[in-house]
Amino acid sequence: MLSKFETKSNRVKGLSFHPKRPWILSSLHNGSIQLWDYKMGTLIDKFEEHEGPVRGIAFHATQPLFVSGGDDYKIKVWNWKLRRCLFTLNGHIDYIRTVFFHHEHPWIISASDDQTIRIWNWQSRTCISILTGHNHYVMCAQFHPKEDMVVSASLDQTVRVWDITGLRKKHAAPGTAAFDHDIHRGPPGQADMFSNTDAMTKYVLEGHDRGVNWATFHPTQPLIVSGADDRVVKLWRMNETKAWEVDSFRGHYNNVSCALFHPRQDLIISDSEDKTIRIWDTQKRTALQTFRREHDRFWIMAAHPELNLFAAGHDSGLLVFKLERERPAHAVNQNQLFYVKDKFLRLYDYNSSNDAPLVTWKRGGPQSPPPRSLSYNPAEHAVLITTSADGGTYELHQLPKDARGGAQEVSADAKKGAGQSAVFVARNRFAVLDKQHQQIYIKDLKNDTTKQFKPPGTVSDIFYAGTKNLLLTTATSVILYDTETRTTIAELSINNCRYAVWSPDMSMVALFSKHVIIIASKTLEQNCIIHETIKIKSGAWDDIGIFVYSTLNHIKYALPNGDNGIIRTVDQPVYLTKVKAKNIYVLDRDGKVRTITIDPTEYRFKLALVRKNYDEVLHIIRTSNLVGQSIIAYLQKKGYPEVALHFVKDNKTRFELALECGNLEVAVETAKALDREECWNKLGQEALKQGNQQVVEMAYQRVKNFDRLSFLYLITGSVDKLKKMLKIAEMRGDSMSRYHNALYLGDVEEQVQVLKEVGQLPLAYLAAQTHGLTEEAAAIAAAAGLENLPALPDRASLLKPPTPIYKQADGNWPLLTVSRGFFEGGVFQSGNAALAAPIPLSDETDVQADMWDEEQIDIDDIGGGGGGAKRAAPGAAANGDVDVEGLDGGEENLWLEGEDIELPELNGPIGESNVEFTMPNAGRDVGEVWRANSGLAVDHAAAGSFESAMQLLNRQVGAVNFVPLKPYFLSAWQSARAYLSCTANVPALSVALHRSRTEDPRQVLPYVGYNLAGVIAKLQEAYGLTTSGKFSDSLNLFKVILHVILFTVVENRSELPEVQQLITVCREYSLGLRMELTRRQEAATSGAKRTLELAAYFTHCKLQPAHLQLSLRSAMLLSWKHKNLKTSLVFARRLLELGASAEIAQQARKIQAVCERTEVDEVPLEYDQYNPFVTCGISFTPIYRGSPSVECPYCKSGFKPEFRGRVCPTCDVAQIGGEGTGVRNLNEGR
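Not measured: the values here are computed from a predicted model.

**Focus: the overall build of the chain**
Piece 1. Broken down by element type, the chain carries 30 helices and 61 strands.
Piece 2. Out of the 1230 residues in the chain, the part that is buried amounts to 51%.
Piece 3. For the chain, the proportion of contacts with a sequence separation of at least 24, taken over those separated by at least 6, is 50%.

**Some points on the packing of helix α7 (residues 651-661) against helix α9 (residues 677-690)**
Packed helix pairs are characterised by how far apart their axes lie and by the angle those axes make with each other.
Piece 1. Relative to each other, α7 and α9 sit at 15°, their axes nearing to 10 Å. Accordingly, the angle class assigned to the pair α7 and α9 is roughly parallel. As α7 runs across α9, the sense of the crossing is left-handed. Contacts from F655, E656 and L659 in α7 reach C679, K682, L683 and E686 in α9.

**Description of the side chain of T116**
Piece 1. Mapping T116 onto the fold places it in strand β12 (residues 116-121).
Piece 2. Residue T116 is classed as buried on the basis of its relative accessible area of 12%.
Piece 3. Of note is the side chain of T116, whose polar atom sits 2.7 Å from the side chain of D114.
Piece 4. With residues up to four places along the chain from it excluded, the contact list for T116 reads H92, S110, A111, I130, L131, T132 and V138.

**Remarks on unusual backbone geometry**
Residues apart from glycine generally show negative phi values, whereas peptide bonds are mostly found in trans.
Piece 1. One non-glycine residue, R231, lies in positive phi territory at about 70°.
Piece 2. Checked against the element boundaries, R231 lands in the loop between β19 (223-228) and β20 (232-238).
Piece 3. Positive phi is not limited to glycine here, since K704 has a value of about 55°.
Piece 4. Note that K704 resides in the loop between α10 (693-702) and α11 (706-715).

**Some details on the sheet that holds strand β9 (residues 84-90)**
Piece 1. One open sheet accounts for four strands, arranged β6-β7-β8-β9; its pairing is antiparallel. Of all strands in the sheet, those with a lone pairing partner are β6 (54-59) and β9, marking the two edges. Adjacent strand axes in the sheet meet at a mean angle of 20°, parallel and antiparallel pairs treated alike.
Piece 2. Bridge count for strand β8 (residues 74-79) against β9 is six bridges, and the pairing is antiparallel. Among the inter-strand pairings, I75 is bridged to a residue of β9, identified as L89.

**Things to note about the state of the cysteines**
Piece 1. Tallied over the entire structure, the rule returns zero disulfides.
Piece 2. Cysteine C258 shares no disulfide, and the gap to the nearest cysteine sulfur, in C140, comes to 7.4 Å.
Piece 3. Distance from the sulfur of C1211, which forms no disulfide, to the nearest cysteine sulfur (C1192) is 3.8 Å.

**So, the sheet that holds strand β35 (residues 393-398)**
Piece 1. Strand order in the open sheet formed by four strands is β33-β34-β35-β36, with antiparallel pairing between adjacent strands. On the outer flanks of this sheet lie β33 (371-377) and β36 (415-418), each paired with one strand and no other. The average angle at which neighbouring strand axes cross in this sheet is 15°, direction not considered.
Piece 2. Bridge analysis of β35 against β36 gives four bridges, and the strand direction is antiparallel.

**Points about a nonpolar patch on the surface**
Piece 1. Residues L980, L989, V991, L993 and Y1007 make up a contiguous nonpolar surface patch of about 420 Å² in total accessible area.
Piece 2. Relative to the helices and strands, L989 is located in strand β57 (residues 989-992).
Piece 3. A residue is classified by how much of its surface remains accessible, and L989, at 49% relative accessible area, is partly exposed.

**Concerning the confidence of the model for the chain**
Piece 1. Summarising the model, the chain shows a mean pLDDT of 81, and 84% of its residues fall at 70 or more.
Piece 2. Contacts for the low-pLDDT stretch residues 175-195, under 50 throughout, to residues beyond four places or in other chains number 11 contacts.
Piece 3. Within the model, the stretch residues 827-916 combines pLDDT values under 50 with 143 contacts to residues more than four positions away or in other chains.

**Some remarks on the pairing of strand β53 (residues 575-580)**
Piece 1. The element β53 is largely enclosed, with a buried count of five among its six residues.
Piece 2. Looking at chain direction, β53 and strand β54 (residues 583-587) are connected through five bridges and run antiparallel. Within β54, the residue paired with K580 across the bridge is N583.

**Some words on the environment of V1050**
Piece 1. Relative to the helices and strands, V1050 resides in the loop between α25 (1031-1045) and α26 (1056-1081).
Piece 2. Note: C-alpha distance between V1050 and A1013 (37 residues apart in sequence) is 9.6 Å.
Piece 3. Those residues in contact with V1050, other than ones at most four positions away along the chain, are E1055, L1056, V1059, N1225 and L1226.

**Description of the pattern of salt bridges**
Piece 1. For the structure on display, the rule yields 33 salt bridges.
Piece 2. When the shortest N-O distance is used, the salt bridge between E6 and R293 registers 2.8 Å. In this pair, E6 sits in strand β1 (residues 2-6) while R293 sits in the loop between β25 (286-292) and β26 (298-303), placing the two residues 287 residues apart along the sequence.
Piece 3. Looking at E6, the relative accessible area reads 36%, which means it is partly exposed.
Piece 4. The buried category is assigned to R293, whose relative accessible area is 17%.
Piece 5. R1079 serves as the salt-bridge partner of E1076, at 2.5 Å between the closest nitrogen and oxygen. Remark: R1079 and E1076 occur in helix α26; sequence separation between them is three residues, near one turn of the helix. Side by side, E1076 and R1079 carry an identical accessibility label, which is buried.
Piece 6. A cluster of three or more residues bridged by salt bridges with shared partners is formed by E6, R293 and D296.

**Quick look at the environment of L657**
Piece 1. As for its placement among the helices and strands, L657 is situated in helix α7.
Piece 2. Judged by its relative accessible area of 0%, L657 falls in the buried class.
Piece 3. As a C-alpha pair, L657 and A667 span 10 residues in sequence and 8.4 Å in three-dimensional space.

**Quick notes on the pairing of strand β45 (residues 499-502)**
Piece 1. Of the two faces of β45, the one carrying Y499 and V501 and the one carrying A500 and W502 are both buried.
Piece 2. Adjacent in sequence and paired antiparallel, β45 and strand β46 (residues 508-512) are bridged by five residues, among which M506 carries a positive phi angle near 60°.

**Here's the deal with the side chain of K234**
Piece 1. On the secondary structure map, K234 appears in strand β20.
Piece 2. Residue K234 is classed as buried on the basis of its relative accessible area, which comes to 5%.
Piece 3. A polar atom in the side chain of K234 sits 2.9 Å from the side chain of E245.
Piece 4. Once residues within four sequence positions are removed from consideration, K234 is found in contact with G207, H208, I224, V225, S226, E245, D247 and S248.

**A closer look at the packing of aromatic side chains**
Piece 1. Within this structure, the stated rule accounts for 38 aromatic pairs.
Piece 2. Where F711 meets Y744, the ring centres are 6.4 Å apart and the plane angle is 65°; that geometry is what we call edge-to-face. With a gap of 33 residues between them, F711 in helix α11 and Y744 in helix α13 (residues 735-745) connect regions that are remote in the sequence.
Piece 3. Seen in terms of ring centroids, F1038 and Y1069 are 4.8 Å apart; in terms of plane orientation they differ by 20°. Their pairing is stacked. Of the two residues, F1038 sits in helix α25 while Y1069 sits in helix α26, which places them 31 residues apart along the sequence. Side by side, F1038 and Y1069 carry an identical accessibility label, which is buried.
Piece 4. Among the aromatic side chains, those forming a connected cluster through ring pairs are Y499, F512, W541, F547 and Y549.
Piece 5. Seen from the ring of W299, K13 lies directly overhead, with NZ or CZ sitting 4.0 Å from the centre.
Piece 6. It is K242 that lies over the ring of W244; its NZ or CZ is 5.4 Å from the centre.

**Regarding the environment of I164**
Piece 1. With respect to the element layout, I164 can be found in the loop between β16 (158-163) and α1 (165-170).
Piece 2. In this structure I164 comes out as buried when scored by relative accessible area, which is 0%.
Piece 3. In the structure, I164 is positioned 35 residues away from S129 in sequence and 9.6 Å away in space, judged by C-alpha atoms.
Piece 4. Beyond its immediate stretch of four places on either side in the chain, I164 contacts W107, I119, F143, D148, M149, V150, D198 and A199.

**Overview of α13**
Piece 1. When α13 is considered as a whole, its buried residues turn out to be S737, R738, N741, A742 and L743.
Piece 2. Buried residues along α13 sit in contact with α11, α12 (719-732) and α14 (748-757).
Piece 3. Positioned one or two residues after α13, G746 has a phi angle of 75°, which is positive.

Cut-offs and rules
- Residues numbered from 1 in each chain as written.
- Predicted model: local features only at pLDDT ≥ 70, side-chain atom pairs only at ≥ 80, totals over all residues.
- Heavy atoms only, no water.
- Helix = DSSP H or I, 4+ residues; strand = E, 2+ residues; numbered from the N terminus.
- Buried < 20%, exposed > 50% of the residue type's maximum accessible area, 1.4 Å probe, protein only.
- Contact = heavy atoms within 4.5 Å.
- Axes fitted to C-alpha atoms, helices over the stretch in contact; angles between N-to-C directions.
- Parallel < 35°, antiparallel > 145°, perpendicular 65-115°, else oblique.
- Left-handed = near helix turned anticlockwise from the far one by under 90°.
- Polar contact = N/O pair within 3.5 Å; in protein donor to acceptor, adjacent residues only side chain to side chain.
- Pairing = 2+ DSSP bridges.
- Disulfide = S-S within 2.5 Å.
- Patch = residues over 30% accessible without salt bridge, like charges linked within 9 Å, V, L, I, M, F, W, Y side chains within 5 Å.
- Areas by Shrake-Rupley, 256 points an atom, 1.4 Å probe, with all protein chains shown as cover.
- Salt bridge = Lys/Arg side-chain N within 4 Å of Asp/Glu carboxyl O.
- pLDDT = per-residue confidence, 0-100.
- Phe/Tyr/Trp six-rings, centres within 6.5 Å; stacked < 30°, edge-to-face > 60°.
- Lys NZ or Arg CZ within 6 Å of the ring centre and 35° of its normal.

Rendered as structure tokens:
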């Protein structure tokens, strides 16, 4: 049995698979209904309206509905899209056991403890028939999948088959032939005079000795299976006139809860309260397999209507499983596919699409395992087929030269042997793995062993790796092994590698486990690693070097540099065999060869970019329709925003991309289309970086950023425009802007006037007096009534900007002159159309009406009132109501002073230069370089990417609790940087520190403050604390060491075993010290038994000899004190074997002498020193060898299964029972 998904919940009483989606409904004894996605392993939704246990649940085959029935006597119909109950059907007066939908009609059938079966119309929401006849609880009732029949099972020890033909005719649509049936029945509402002919009992099956819990029809044959409290599963057959018992299946030793037929094989599957699921052969009438759980009784089963999946509900959740592997064994040689389907070894030709059987392959029986792997030898036209039958066997078959004659029988001289895996390694040699004895045999085609050797490490599988070479997979790595010289060529770390797929030229290999793909060279040099959340099923190489692989839901691609993406989705898992142009050839789970058409443009485009084949890139851009956010994001990430610009039509995205690649022409065009303030601000910043002051001016004008415009005119020496800005500020009533502009112009009189208008007379006096305007200063002092005139500051100087020497008002600053990029020349042939010039501040543009002033002030219509006054009355402009009548007098209009100065129009394109340019990309952040170069969490933490560091720790050691690791994250970040202080009020300069020198700046890694020597020093300190009896301090230090190890970097592979040894030492000491502290704390409350057990378990921790002697001595004296002489004798003997000191040895001998006379224990203990065990890290109880257990993925502490999901108390970091690839302390790239 292959377990695919398992949940932990309250007792499961009902199950139902969705026919199309990867969903399963479970109804629980606590009244809840749970909807699970068994592919993703996630809980989708909960439905909780029933009061009491829910025993029946069923999905509708086509509608978004499901039905439930419970102990509250209610049947509820739910819509899973709306996530609510639509309505409730009431009628039963006792518990409802099962509910099911009809496969065709809008009917629901329900079975109840009120001894009735009811059929409901869920559209009219009425009960249309009540089936009576059982005289005890009806435990189950189901429709026949095709016929008008119902089968029911009851505790009255019978199974009944009902004929509901009358019901179908009665409720058939008007106008059909069956409608006449109602005419002969009399008026509607009139009861049948003799009996109800809607549903009649057709057969009553008697044979069970106790109540029957379940009965169901065979999907295609006239068979019924039933299971009962007499612990027997019975098979029944029926015809048109009678039904009879065919056979009984005995083997369960408690009540049979459920039994059902396998949809595709001659099998019966049953589960029972004896905690087992049993598989029965209906032909041989024998039990084939038994699957047992330790603590959970089974209550219900369900079969998927279309897939080879089953589910069983038990006391603590549900289990989704299948009975056998569905991966077809196959091998590819050039344009030929060899595969096994049913009982034939077949050959498929990719060119001609011919599919022909070659030989008949005899399978042992319906439940004998299918072939596991197939290896083809093109030189000898022979195949090796490996199965897992009988512990692992292989068969060597010589294939016929011509496949046109049909399948041939397997010759009697077909070679067979024992082995878990077999592959060809040369023309006339093949290798066989004996996993049990860890031996690899090299055999010739006569099946004779020519050599054998022990592999380096514990090997779980072998794969072909070129002539005379093998790939050996272990739990933590893949080894490239030379079978002739018997030496290891290379080794690559990957946990639980399941498959290896070579490229056609044998230059690359893809190694993949359940969720990880590693692409490596032929010498196992890792190119990239790809992580998937969905299970990886298969893979094949494209001719151009792309690895295409399939998951449960998708077909994806992977580039040699690690970039990957989705090609298309699939409804059901497929197994890729070959990728050829736009076609992918796959095998489905039924063993059929299918061709899937794909569009390879996206991954060919990305590969051309990676290989810098720009001609191919341009060809694809011009001839394909690549679109989508993913391709745009990819181009941005890889530094080709100018290419991404080609694919984008959305103005907002085009604007962002244009800024990124420095294309101001497109940026201005899209900014005009968008016309948003934030766009103009961004455009102004980018133009300022490039020195294009005309675009900057236009952007500031668009958003009315007066202050920045004034400053821009100041630094470009545009005095005339500054004067216009002063007028505009005066009309806007913005005193601060007026003062700034007056300051920029050096207009002292204007400055003094502004200070007077805003009421700052002392400041106005100081300004006038400082600049020599003594008469104006005296007038201000008199007006302000200043008795004590403010003193002028010593060494006062005039505040006046320098006169511009070179005015850059009519052109741009020198622009960045770098060559235009390849793609800008190849894709974007820019025209010479000029961009819009900045809006001039003249009377011809109406700028003042629609852009500059919100109060609609016309600059050119405002004049002075006569008398030669320089400005209007204070506050006139501020009020916004300026009288423009009568401004055509003969006197000089001072408002229009300088109106004859026109801002220059921009002729030609903005930024036009003789040298074309491309804005260079910003350099990579050093933290980004560190992250790209390393797969170590400490390097990501040093880069400041705490999130990716946490993700790495989660994948590597199953870490879920990062609170105790926070100081180490911060320390790693701080230790990778040095800071140089500069002048006052200037931030310090940050300098990245690297731990190794390299000529290539792209290969640098951060300095890390944690190394192996420092960890060992901490370990010696912890040993000292343990020796001195400071157990709390010692325990804390051992945990600190476990945390520090996660951030420790070693220099070479030889130091990795030391790291693993340190983890083991810390785990053992942490466990032992926690037990000892618990024993001391609970000594007064827990009793002698628990105290002695904890002391005994402490002695089985792997401690240093000195500490082990102390623990043994403590346990010996404690057992002696409580008169447990037998146990005390055990500890005394172990103490003497360790060679204790003279004083301790003398004490141990005395106790040994006394205890050997009377080997009895006053306090019985749960302790067996002769049965190997590990101590549970939470309950502190032994887990003996063979008992179920879970472990921490980091420190490998053992725990009982009920503690799965908790945080490991040994390391305080990882989740118990979680998965992890293993802690990494040596950087080997991403």
